Amino acid sequence: MTDLRIRAATPEDLDSVLAFWKVAAEGTSISDDRSGVERLVARDPEALILAELDGELVGTVIAGFDGWRCHLYRLAVHPDRRRRGIGGALLTAAEERFVQLGGRRGDAMVLTRNETAHHAWRAAGYAPEEKWRRWVKPLTD
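Not measured: the values here are computed from a predicted model. (Residues numbered from 1 in each chain as written. Predicted model: local features only at pLDDT ≥ 70, side-chain atom pairs only at ≥ 80, totals over all residues. Heavy atoms only, no water.)

A few points about the overall build of the protein
Here comes step 1: Looking only at helices and strands, the protein features four helices and five strands.
Here comes step 2: Walking the protein from its N terminus toward its C terminus, one meets helices and strands in the order β-α-α-β-β-β-α-β-α.
Here comes step 3: For the protein, whose C-alpha radius of gyration is 15 Å, the value lies close to the compact-globule estimate of 14 Å for 141 residues.
Here comes step 4: For the C-alpha atoms alone, the extent of the protein along its principal axes is close to 40 × 35 × 30 Å.
Here comes step 5: Looking at the protein as shown, the accessible area adds up to about 9,700 Å², and 50% of this sits on carbon and sulfur atoms.
Here comes step 6: The centroid of the 21 positive side-chain charges in the protein is displaced by 6 Å from the centroid of its 22 negative side-chain charges. (Helix = DSSP H or I, 4+ residues; strand = E, 2+ residues; numbered from the N terminus. Rg over C-alpha atoms; globule rule 2.2 N^0.38 Å. Areas by Shrake-Rupley, 256 points an atom, 1.4 Å probe, with all protein chains shown as cover. Lys, Arg positive; Asp, Glu negative; His and termini not counted. Charge placed at Lys NZ, Arg CZ, Asp CG, Glu CD.)

Structure follows, in structure tokens:
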């Protein structure tokens, strides 16, 4: 996988990222739109990490750090490119980013029904924390 390029997304990448998530990501998020991703990249230009192979977008992860916690979202690898180390390379880049920022522990949001992702996260050294439950409240209509 020597041709794999890991880099931060730029504003020019956002349309292709949104299209990529429709193919490669499980589920949708309230922020899966142009303005949501623009806000992310404007606020933290290094948070959205891309993996490219021969110029083609093959993977993404959002590595958000709020100064307190390290949050991982949207780890996605193109279905035709899975099980080749792309997800691991993205997680390594995200974890290195967190360490440089002073982060101590990464957490990931993973859909309960996404068994394929559960295996990938376990293989990367992550474990579910059953004592916690996510509570949400939409802030807009």
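Quick look at the nonpolar core
Here comes step 1: Counting 20 residues, the largest nonpolar core has I49, L72 and I86 as its most contacted members.
Here comes step 2: Listing elements by their share of this core, those giving two or more residues are β2 (48-53), β3 (56-65), β4 (70-77), α3 (86-101) and α4 (115-123).
Here comes step 3: Per-element accounting of this core gives the leading share, six residues, to α3. (Core = buried A, V, L, I, M, F, W, Y, C linked by side-chain atoms within 4.5 Å. Buried < 20%, exposed > 50% of the residue type's maximum accessible area, 1.4 Å probe, protein only.)

Let's talk about the pattern of salt bridges
Here comes step 1: Taken as a whole, this structure holds nine salt bridges when the rule is applied.
Here comes step 2: For R7, the salt bridge identified is with E52, shortest N-O distance 2.8 Å. A residue pair is termed long-range when its members are at least 10 positions apart, and R7 in strand β1 (residues 4-8) and E52 in strand β2 qualify at 45 residues.
Here comes step 3: In this structure R7 comes out as buried when scored by relative accessible area, which is 16%.
Here comes step 4: A salt bridge links D32 to R74; the shortest N-O distance between them is 2.3 Å. With a gap of 42 residues between them, D32 in the loop between α1 (14-24) and α2 (34-43) and R74 in strand β4 connect regions that are remote in the sequence. (Salt bridge = Lys/Arg side-chain N within 4 Å of Asp/Glu carboxyl O.)

Let's talk about the UniProt feature "domain: N-acetyltransferase" (unreviewed entry) in the protein
Here comes step 1: As annotated by UniProt and renumbered to match this structure, "domain: N-acetyltransferase" (unreviewed entry) occupies residues 4-141.
Here comes step 2: The span residues 4-141 is 33% helix and 23% strand, and its two end C-alpha atoms sit 40 Å from each other. (UniProt positions renumbered as here; feature names shortened; annotations may be inferred.)

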